[in-house]
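# Report on the structure
Here are the chains, one letter per residue:
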Amino acid sequence: MSGILYLCATPIGNLSDMTFRCVDILKSVDLIAAEDTRNSIKLLNHFDIKTPMSSYHEHNKVEKAFYLINQLKSGKNIALISDAGMPAISDPGQVLVNMCHENDIAVRIIPGASAVVCAVALSGLESGRFCFEAFLPKDKKLRRRILNDLANESRNIVIYEAPHHLKSTLLELYNILGDRQLAICRELTKKHEQTVITTLSSAIEHYNNSEPKGEFVLVISGKSFDEIDNENIQDWQQIDIADHVKMYEDSGMSRKDAMKAAAKDRGVSKSEIYKALL
């Protein structure tokens, strides 16, 4: 029988957030796969956990996953932990989890702290719908493509950022998304935890005069449906009605349905579209 992979959430700051169940699992498994063993040893020592560790991180996530899969197949139970929070979320552990599913190896979750969930709750913004982008990519082309995509996102947006990149990221967000309501969550669960409700423009002004300190989670308000609809109406006004209808016909719609769709886009009746085509 294969062993079990346990995804164990660890504290994101305050060690008291460690769950009893997580401690029990970490003590009982045969091996702990840790993102940074130098960081995780402090956690294990605090809870008197003697289980051996093996490093599993971004740079060995594929090669090491094969080794861990073989260990699981041999019947060993393994716990996966990240430096903080839930492993396999914006984390190399996703590769290992996927390989476990491909090899019919059981994966169990040991829930706990998660910075994205904490920040959304603290923000006071709409929490029923949000999108999580974690850290924006360093590649300039990919980064710009993602930000341009987020410009018309109606859900609230959650982004992680380090203090030394915060100023430039705030300016980039403002230039592409425009001014938005913003919750800045800093040092979550730690001694100097702080949540500030502000706007992108005000945050830029503040940090131009104050050096950012700590780890940040940004919760940015999405664009309202009314704003999106108004922009779409303006976009359609830039093209000819005949071209608008033809666009839908080219996608496979009948002429009748294409006229109806164009009328809906423009906020007019179908008869007006028909008259314009005549």
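Notes on the structure in this doc start here.

Here is what the cut-offs are and how they apply
- Residues numbered from 1 in each chain as written.
- Predicted model: local features only at pLDDT ≥ 70, side-chain atom pairs only at ≥ 80, totals over all residues.
- Heavy atoms only, no water.
- Pairing = 2+ DSSP bridges.
- Helix = DSSP H or I, 4+ residues; strand = E, 2+ residues; numbered from the N terminus.
- Axes fitted to C-alpha atoms, helices over the stretch in contact; angles between N-to-C directions.
- Contact = heavy atoms within 4.5 Å.
- Buried < 20%, exposed > 50% of the residue type's maximum accessible area, 1.4 Å probe, protein only.
- Salt bridge = Lys/Arg side-chain N within 4 Å of Asp/Glu carboxyl O.

## Thoughts on the sheet that holds strand β9 (residues 194–199)
Note on sheets: strands pair through backbone hydrogen bonds, and any given pair is parallel or antiparallel. Strands sit in the order β6-β7-β10-β8-β9 across an open sheet of five strands; the sheet is mixed. Bordering the open sheet on either side are β6 (130–135) and β9, each of which pairs with just one other strand. Going across the sheet, the axis of each strand differs from the next one's by a mean of 20°, ignoring polarity. As judged from the five bridges shared by strand β7 (residues 156–161) and strand β10 (residues 216–220), these two strands associate in the antiparallel manner. Its bridge partner lying in β10, Tyr160 is registered against Val217. Sheet contacts for helix α5 (residues 115–123): β6, β7, β8 (181–186), β9 and β10; angle to β10, the most-contacted strand, approximately 50°.

## Re the sheet that holds strand β2 (residues 31–34)
Across the sheet, five strands lie side by side as β3-β2-β4-β1-β5; this open sheet has parallel pairing. Each end of this open sheet is capped by a strand with a single partner; those strands are β3 (53–55) and β5 (106–110). The mean angle between the axes of side-by-side strands here comes to 25°, regardless of whether they run parallel or antiparallel. Where strand β1 (residues 4–8) and β5 come together, five bridges link them in parallel fashion. When the sheet's bridge partners are listed, Leu7 is paired in β5 with Ile109. Against the sheet, helix α4 (residues 93–102) engages β1, β4 (78–81) and β5, with an angle of about 150° to β1.

## What about unusual backbone geometry?
Not every positive phi belongs to a glycine, and Asp48 is a case in point at roughly 55°. Within the secondary structure, Asp48 sits in the loop between α2 (37–46) and β3. Of the residues examined, Asp48 reaches a relative accessible area of 47% and is grouped as partly exposed. In this model, Glu187 sits at a positive phi of 55°, which is unusual for a non-glycine residue.

## What to know about the pattern of salt bridges
Scanning the entire structure with this criterion turns up eight salt bridges. A salt bridge links Glu58 to Lys61; the shortest N-O distance between them is 2.8 Å. Looking at Glu58, the relative accessible area reads 44%, which means it is partly exposed.

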